Amino acid sequence: MPPIVTIIILAVIIFGIAPMVLLSFILYSVLMVRNKPEKWGRECSAPEDPVMVRMFEDGVAWGKAHADVKRDVEIENDGFKLVGEYYDFGFDKAVIILPGRTESLLYSLYFAEPYRKCGRNVLVIDQRSHGLSEGTFNSVGLVEYRDTLKWAELLHDKLGNREIFIHGICIGSSNALNALTSAGCPDYINGMAAEGMYINFCETFGNHMKDMNKPTFPLLYGVMAIISLRAHAGVISNGPLKRIEKLKKPILFLHSREDIYSLPEKSSAIFEKCTAKKRVVWFDHGGHSRVRQAEQEKYDASIADFLRDFIDC
């Protein structure tokens, strides 16, 4: 090989590829790694956002109002101690509420009331690497779904719930879909609701970066590659658009036309590809993961109607 070619190749590696790899690891560490205990704790994740603060405070208030039926619960999975709160209203059915990235169980309490009204006990959890649960990496539901199955086992085998429904928000909906389409999913998990489901995490994360006026190429794909290596699963190839065709249990899609992260025109492809029993409810208002705050009456009624028509019928 001529010396000049060798010099050019080395220059590309040193001044092109190497900085991109380094910056990708830095961005991944900032956004997907819990490198200190207080990161992704039990405080409001966006104290500068009045909508998120209101949702968080309403959830905390709901928990306090029902503290008399609450019990702390925990499981161990993949070597991690994971914690949750179980609200036992005396029913024989339960819901597991799965929040999005950076959120703790206190945020999930905001979504509990429609399920209590529909005769469900409520389990909210600190997912691994969040809240008081152990863990370091966020694997966007590609690994965490195994924890969800373990939580469902606790609800069924030890806490007396014969049926379990799962409600997921953003990444939580991908987590739920992973659980319901896995080979180990038990029959007693009988359906799910998905708010703001994206076609794959790369797509929605890229939209987040665009909203922050950050360039997506090439850092976005560097971060996705690292997540895939950590999770031993492809962030794009294992996305909801790919997995939805495997779903056999009923699903309720809740989606806002104002969602700028899980774009309606993209997510519609998931709804169309789904062959399971399904219902799609569109909301005219509400940002990503903020639909219930914008249209609470319609949101809660949509859950109640779906449970009546598809799950409890």
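Please refer to the structure placed before this passage.
In this text, all values refer to a predicted model and were calculated from it rather than measured experimentally.

> Even after reading the chapter, I still don't get the nonpolar core, so can you show me in this structure?
The nonpolar side chains of soluble globular proteins are, as a tendency, buried together. Membership of the largest hydrophobic core comes to 53 residues, with the highest contact counts inside it found for Ile97, Phe111, Val122, Phe165, Phe201, Met224 and Ile227. Of the residues forming this core, the biggest block, 6 residues, is contributed by helix H8 (residues 219-231). In contact with Ile97, not counting residues within four places along its chain, are Ser108, Phe111, Ala112, Val122, Leu123, Val124, Ile125, His167 and Ile169.

> What is the right way to read the pattern of salt bridges from this model?
Opposite charge on two side chains makes pairing possible when the charged atoms of those side chains draw close. Following the criterion strictly, the structure yields 18 salt bridges and no others. Across the pair Arg308 and Asp305 runs a salt bridge, and its minimum N-O distance is 3.1 Å. With a gap of 3 residues between them, Arg308 and Asp305 both fall in helix H12 (residues 296-311), about one helical turn apart. When its relative accessible area of 30% is taken as the criterion, Asp305 is described as partly exposed. The partner of Arg308 in a salt bridge is Asp309, with the nearest N and O atoms 2.9 Å apart. By sharing partners, the salt bridges in this structure join Asp78, Arg128, Arg146 and Asp147 into a single network.

> What should I look at first to understand the sheet that holds strand S4 (residues 121-125) in this one?
Strands belonging to one sheet form pairs held by backbone hydrogen bonds; the direction of such a pair is parallel or antiparallel. Read from one edge of the open sheet, 8 strands run S1-S2-S4-S3-S5-S6-S7-S8, paired in mixed fashion. Where the open sheet ends on each side, the last strands, each with one partner, are strand S1 (70-77) and strand S8 (278-283). Put simply, the sheet's adjacent strands are angled 20° from each other on average, direction ignored.

> I would appreciate a short explanation of the layout of surface pockets in the present structure.
Where empty space is left can be seen by rolling a probe of water-molecule size over the atoms. Within this model, the largest pocket holds a volume of roughly 720 Å³. For the largest pocket, the lining is made up of 28 residues, of which Arg101, Thr102, His208, Tyr261 and Arg290 are closest to its centre. Among the elements that line the lining of the largest pocket, the one with the most residues is helix H7 (residues 201-211), at 5 residues. Split into classes, the residues belonging to the lining of the largest pocket amount to 14 nonpolar, 8 polar and 6 charged.

> Can you help me understand the packing of aromatic side chains in this one?
By convention here, two paired aromatic rings are described through the distance between centres and the angle between planes. Throughout the structure, instances matching the rule amount to 14 aromatic pairs. Aromatic side chains Phe165 and Phe306 sit 6.2 Å apart centroid to centroid with 55° between the ring planes, which places their arrangement in the tilted category. A residue pair is termed long-range when its members are at least 10 positions apart, and Phe165 in strand S5 (residues 163-169) and Phe306 in helix H12 qualify at 141 residues. Their ring planes at 65° and their centres at 6.1 Å tell us that Tyr198 and Phe201 sit as a pair that is edge-to-face. For the pair Tyr198 and Phe201, one class covers both residues: buried. Aromatic ring contacts, followed pair by pair, group Tyr107, Tyr110, Phe111, Phe283 and Tyr299 into a single cluster.

> It is not clear to me how the pairing of S5 should be interpreted in this structure. Could you clarify?
Consecutive side chains of a regular strand alternate in pointing toward one face of the sheet and then the other. Of all 7 residues that make up S5, 7 are buried, and the element is covered over most of its length. Both faces of S5 are covered, namely the face carrying Glu163, Phe165, His167 and Ile169 and the face carrying Ile164, Ile166 and Gly168. Relative to strand S6 (residues 189-195), S5 runs parallel, the two sharing 6 bridges. For Ile169, the partnering residue across the bridge sits in S6 and is Glu195. Handedness of the crossover is the feature at issue here: the chain leaves S5, passes through helix H6 (residues 171-180), returns alongside S6, and the resulting connection is right-handed.

> Can you help me understand empty space enclosed by the protein in this one?
The tally for this structure, following the rule as stated, stands at 2 cavities of 30 Å³ or more. Considered as a void within the structure, the largest cavity measures approximately 80 Å³ in volume. Surrounding the largest cavity, 13 residues form its lining, Gln127, His130, Asn138, Glu144 and Ile171 being those nearest its centre. Of the residues that constitute the lining of the largest cavity, the class distribution is 3 nonpolar, 7 polar and 3 charged. When its volume is computed, the second largest cavity comes out at roughly 40 Å³. Lining the second largest cavity, in full, are Val140, Leu142, Ser174, Tyr198, Phe201, Val235, Asn238, Gly239 and Arg243.

Cut-offs applied
Residues numbered from 1 in each chain as written. Predicted model: local features only at pLDDT ≥ 70, side-chain atom pairs only at ≥ 80, totals over all residues. Heavy atoms only, no water. Core = buried A, V, L, I, M, F, W, Y, C linked by side-chain atoms within 4.5 Å. Buried < 20%, exposed > 50% of the residue type's maximum accessible area, 1.4 Å probe, protein only. Helix = DSSP H or I, 4+ residues; strand = E, 2+ residues; numbered from the N terminus. Contact = heavy atoms within 4.5 Å. Salt bridge = Lys/Arg side-chain N within 4 Å of Asp/Glu carboxyl O. Pairing = 2+ DSSP bridges. Axes fitted to C-alpha atoms, helices over the stretch in contact; angles between N-to-C directions. 1 Å grid on protein atoms, 1.4 Å probe; cavity = no way out; pocket = protein on both sides within 12 Å on 5 of 7 lines; lining within 4 Å. Points joined across faces, edges and corners; volume = space filled by probe spheres on them. Nonpolar A, V, L, I, M, F, W, Y, C, P; charged D, E, K, R; others polar. Phe/Tyr/Trp six-rings, centres within 6.5 Å; stacked < 30°, edge-to-face > 60°. Right-handed = clockwise from strand over helix to strand, strands pointing away.

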